[in-house]
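Commentary on secondary and tertiary structure
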Amino acid sequence: MPLSANSPEGKVSLVGVDPLSIEQMRARNRKEKIYTSKCCGAPMQIRTAAGRVPHFYHLTTPEHCEGDKKETPEHQRLKCEVALAAIGAGWEVETEAAERNTDTGKVKWRADVLATRGKVRIAFEIQLSNADWHDMLARQKRYETSNVRALWLVKTKKGFPATKELPIFTVEGLGGKDWVFLSTRWDNRFTWHETSATNQVELPRFIHNALGGHLKWSPRLAAKEAQIETTATCVPVGGCEGCERTLIRALNVSAFFAADRSYPGYYWRPDVTSISTSNWANALAEKIWHNESEGTDVAFLSPSGACMWCGVVHTRKEKQLAGAKMKLTSQLLLGDLPPVSPGTVEWDWLHRWVLV
């Protein structure tokens, strides 16, 4: 159900209007019948149902109506919250905004919320069910033909593709507030409900930052000289037959950009292989070991089973031995690591939307 309508004075919105004014608007409409639908011109009235944001509804709906659709209270509420945040950011806002083909008169696109500043137009779409990425991408391209940028807020438990072409973000209600998650398909499992300044942001702040130009796609992707703080948690797995050092294998590895916490941490452990593979995990651990373990009595066991100290290849199966885990830390440059490959954890880590 729409939050806006046409009137003899122009377009009318209920977003941010106080309850007394809404009652006065509704009383006037009973007498004068001044509100009509933006989609089909049918007469409309205002509804103020308990537990729902005030909205317009069709008194009669023509068969040819293109815009009359049932919306859940949650969809209406989020639409109102997005509109209020955009207004608070200093943008002109219209809900249920539509653009028609000048030749046929058919609707090219209809946005839940359209924010405008000068010649810049940004649409916000709320998709709370039946998320179809292919359909959303097709709709995104229709926006692009009108020089409109569209951002999508979805509510889904399945991982979604993080791409530059289709900006998708999860919206979730937690603790009485609406939060937007900047998770990728990979890290949803670990950070879906994790409070993190880099991954989770309140809806109004997200809208404000997005409209302010602070939402960027992969700003660190080509930063080869960027320093990465890395940690490898290692466990002993046996003794080397060549140099007699204690062989260790990485149990997990993690990394952060040293000077940029806008990215969440890279984190890898063997039991995430069902989600995605990694061509960084061993490279990270090996480089950390080379930097930090000189002079120690341990040696890193490579994926091929070779001792990284003396090169002897071990054919027997290693197993984790009793003993304290050790943490090796180091600083590397992003350019020291192998190029990222599609389908890997590190690809998803670097290819993401970030608030800067």
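Our next topic: the environment of Q200. Assignment of secondary structure puts Q200 in strand β11 (residues 200-202). Accessibility expressed as a relative area gives 7% for Q200, which makes it buried.

Take empty space enclosed by the protein next. Applying the stated criterion to the full structure yields 1 cavity of 30 Å³ or more. Within this model, the largest cavity holds a volume of roughly 60 Å³. In terms of lining, the largest cavity is formed by F160, P161, A162, T163, L166, I168, F169, L182, S183, T184, R352 and W353.

This next bit is on the sheet that holds strand β6 (residues 107-117). Here 7 strands make up an open sheet; going across it, the order is β5-β6-β7-β8-β9-β10-β11 and the pairing mixed. Edge positions in the open sheet fall to β5 (92-100) and β11, since each of these has one partner strand only. Neighbour-to-neighbour, the strand axes of the sheet open up by a mean angle of 35°, direction not taken into account. In this fold helix α5 (residues 203-211) packs onto β6, β7 (120-127), β8 (148-154), β9 (168-174), β10 (177-181) and β11, with an angle of close to 95° to the strand it touches most, β11.

Glancing now at the nonpolar core. One finds V253, F257, Y266 and W280 to be the most contacted residues of the largest nonpolar core, which totals 37 residues. Only β13 (227-239), β14 (246-257), β15 (266-268), α6 (281-292), β16 (298-300), β17 (326-333) and α7 (345-350) provide two or more residues apiece to this core. Sequence-distant contacts of Y266, defined by excluding residues within four places in its chain, comprise V253, S254, A255, S278, W280, A281, L284, V345, E346 and W349. Among the nonpolar cores identified, the runner-up in size contains 32 residues, and A85, A115, L151 and L203 belong to it.

In this section: the packing of aromatic side chains. Taken as a whole and assessed by the stated rule, the structure comprises 9 aromatic pairs. Relative to W353, the ring of F169 lies with its centre 6.3 Å away and its plane at 65°, an arrangement referred to as edge-to-face. Highlighted residues: F169 in strand β9 and W353 in strand β18 (residues 353-355), separated in sequence by 184 residues. Each member of the aromatic cluster is reached from another via a ring pair, and the members are F169, F206, W217 and W353. The ring of Y57 carries R47 above its face, with NZ or CZ at 4.1 Å from the centroid. A cation sits over an aromatic face here: R245 above W309, 3.7 Å from the ring centre.

Okay, helix α1 (residues 19-32) next. If you check α1, its first and last C-alpha atoms are 20 Å apart, about what 14 residues at 1.5 Å a residue would give, namely 20 Å. The set of residues buried in α1 consists of I22, M25, R26 and N29. Projection of α1 onto a plane perpendicular to its axis shows the buried side chains occupying an angular sector of 95°, all on one side. Exposed residues pointing more than 90 degrees away from the buried face of α1 are listed as L20 and K31.

Thresholds applied
Residues numbered from 1 in each chain as written. Predicted model: local features only at pLDDT ≥ 70, side-chain atom pairs only at ≥ 80, totals over all residues. Heavy atoms only, no water. Helix = DSSP H or I, 4+ residues; strand = E, 2+ residues; numbered from the N terminus. Buried < 20%, exposed > 50% of the residue type's maximum accessible area, 1.4 Å probe, protein only. 1 Å grid on protein atoms, 1.4 Å probe; cavity = no way out; pocket = protein on both sides within 12 Å on 5 of 7 lines; lining within 4 Å. Points joined across faces, edges and corners; volume = space filled by probe spheres on them. Pairing = 2+ DSSP bridges. Axes fitted to C-alpha atoms, helices over the stretch in contact; angles between N-to-C directions. Contact = heavy atoms within 4.5 Å. Core = buried A, V, L, I, M, F, W, Y, C linked by side-chain atoms within 4.5 Å. Phe/Tyr/Trp six-rings, centres within 6.5 Å; stacked < 30°, edge-to-face > 60°. Lys NZ or Arg CZ within 6 Å of the ring centre and 35° of its normal. Expected span 1.5 Å × (residues − 1). Arc of directions from axis to C-beta.

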